Amino acid sequence: MPPQDMTTASPPSGGAAPENPGPDHVLDTLQHQVAVFARRAEQTRLGGVGQVRNSMDRAAYLLLNRLDLEGPMGVKALAAGMGIDSSTVTRQVAPLVDTGFVKRTSHPEDGRAVVLQLSPRGQARLDEVRESRRELMSQVTDGWTEEERHTFCALLTRFNAALAARQAAHQTASAN
């Protein structure tokens, strides 16, 4: 019998597994698996495969992706949409501007305001990274059915939305 990989096993319960695990057991397992997922995601950075593996950090990917999906926007709108503060966005965008992935332009209605826009170079790089990450997801879920992939995506999306809502509520409560 091969040794059990403790990074994927359920947390110890102090005894034999219950015949009908209760909600606490499920929540213990869930929190443990989320922690394992976070560590594995950070270790691999879910960067993809091939030459572009691990070639774009999470912050850059998320910023470029949002600009691609939602179009040009100001720092405040970008920060609000990502659930982070403007100073963090400003700090994270600076290297993307330096590398030519993001362009700063004047707001069409208020020339004093700055609008961030994905550049053609940034779009090409984002497309390359997306393809690499798509291939990684294909490999990792190779034995899964399409239904399992859809179910996992739906549940993970729902989980992330719940976390975002909780964070927004906490920030609102802290501001009051």
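Residues numbered from 1 in each chain as written. Predicted model: local features only at pLDDT ≥ 70, side-chain atom pairs only at ≥ 80, totals over all residues. Heavy atoms only, no water.

(A) Structural detail: the overall build of the chain. A tally of regular secondary structure across the chain gives six helices and two strands. Element order for the chain, N to C, with α for helix and β for strand: α-α-α-α-β-β-α-α. Across the 176 residues in the chain, those meeting the buried criterion constitute 22%. Residue pairs at least 24 apart in sequence account for 49% of intrachain contacts in the chain once pairs closer than 6 positions are excluded. Surface exposure of the chain reaches about 12,300 Å², of which carbon and sulfur atoms provide 57%. (Helix = DSSP H or I, 4+ residues; strand = E, 2+ residues; numbered from the N terminus. Buried < 20%, exposed > 50% of the residue type's maximum accessible area, 1.4 Å probe, protein only. Contact = heavy atoms within 4.5 Å. Areas by Shrake-Rupley, 256 points an atom, 1.4 Å probe, with all protein chains shown as cover.)

(B) The arrangement of helix H4 (residues 86–98) in detail. Under the 1.5 Å per step criterion, the end-to-end length of H4 is 18 Å for 13 residues, consistent within 8% with the ideal 18 Å. Among the residues making up H4, those that are buried are Thr88, Val89, Val93 and Leu96. Where H4 is buried, its residues contact helix H2 (58–70), helix H3 (75–82), strand S1 (102–106) and strand S2 (114–118). After H4 finishes, the residue glycine 100 shows a positive phi value of roughly 85 degrees. (Expected span 1.5 Å × (residues − 1).)

(C) Structural view of helix H5 (residues 120–140). Compared with the 30 Å implied by 1.5 Å per residue over 21 residues, the 30 Å span of H5 between its first and last C-alpha is a close match. Considering only its buried residues, H5 is in contact with H2 and S2.

(D) Structural detail: the nonpolar core. By size, the foremost hydrophobic cluster in this structure holds 18 residues, and its most contacted members are Leu64, Leu67, Leu78, Val93, Leu96 and Val102. Those elements that provide at least two residues to this core are H2, H3, H4, S2 and H5. Here the element with the most residues in this core is H2; it accounts for five residues. Setting aside residues up to four positions removed in sequence, leucine 64 forms contacts with Met56, Leu96, Phe101, Val102, Leu118 and Leu126. (Core = buried A, V, L, I, M, F, W, Y, C linked by side-chain atoms within 4.5 Å.)

(E) Structural view of the pattern of salt bridges. For the structure on display, the rule yields six salt bridges. A salt bridge links arginine 130 to aspartate 68; the nearest nitrogen and oxygen atoms lie 2.8 Å apart. Residue arginine 130 is located in helix H5, and its partner aspartate 68 is located in helix H2; the two are separated by 62 residues in the primary sequence. Residue aspartate 68 is classed as partly exposed on the basis of its relative accessible area, which comes to 25%. Its salt-bridge partner being aspartate 127, residue arginine 130 comes within 3.9 Å of it at the nearest N-O pair. On the criterion of helical spacing, the pair formed by arginine 130 and aspartate 127 is a turn pair, its members being three residues apart in helix H5. With a relative accessible area of 17%, arginine 130 lands in the buried category. Its relative accessible area of 38% is what places aspartate 127 among the partly exposed residues. Ionic contacts of the salt-bridge type, sharing partners, join the residues Asp68, Asp127 and Arg130 into one network. (Salt bridge = Lys/Arg side-chain N within 4 Å of Asp/Glu carboxyl O.)

(F) A look at the packing of aromatic side chains. The full count for this structure, using the stated rule, is one aromatic pair. On the numbers, 5.4 Å between centres and 85 degrees between planes, the contact of tryptophan 144 with phenylalanine 152 is edge-to-face. We classify phenylalanine 152 as partly exposed; its relative accessible area is 40%. Sitting over the ring of tyrosine 61, arginine 133 keeps its end group 4.0 Å from the ring centre. (Phe/Tyr/Trp six-rings, centres within 6.5 Å; stacked < 30°, edge-to-face > 60°. Lys NZ or Arg CZ within 6 Å of the ring centre and 35° of its normal.)

(G) Highlighting the confidence of the model for the chain. Looking at the chain, pLDDT values average 83 and 81% of them are 70 or higher. Taking the mean pLDDT of every element in the chain, the minimum, 87, falls on helix H1 (residues 23–44) and the maximum, 94, on H4. Below a pLDDT of 50 lies the segment residues 1–6, which in the model reaches three contacts outside its immediate sequence neighbourhood of four places, other chains included. (pLDDT = per-residue confidence, 0-100.)

(H) Examining the packing of H3 against H4 more closely. Running from N to C, H3 and H4 cross one another at 105 degrees; their axes reach a closest spacing of 8 Å. By the angle between their axes, H3 is roughly perpendicular relative to H4. Counting all contacts with H3, which are made through Val75, Lys76, Leu78 and Ala79, the residues of H4 involved are Ser86, Val89, Thr90 and Val93. (Axes fitted to C-alpha atoms, helices over the stretch in contact; angles between N-to-C directions. Parallel < 35°, antiparallel > 145°, perpendicular 65-115°, else oblique.)

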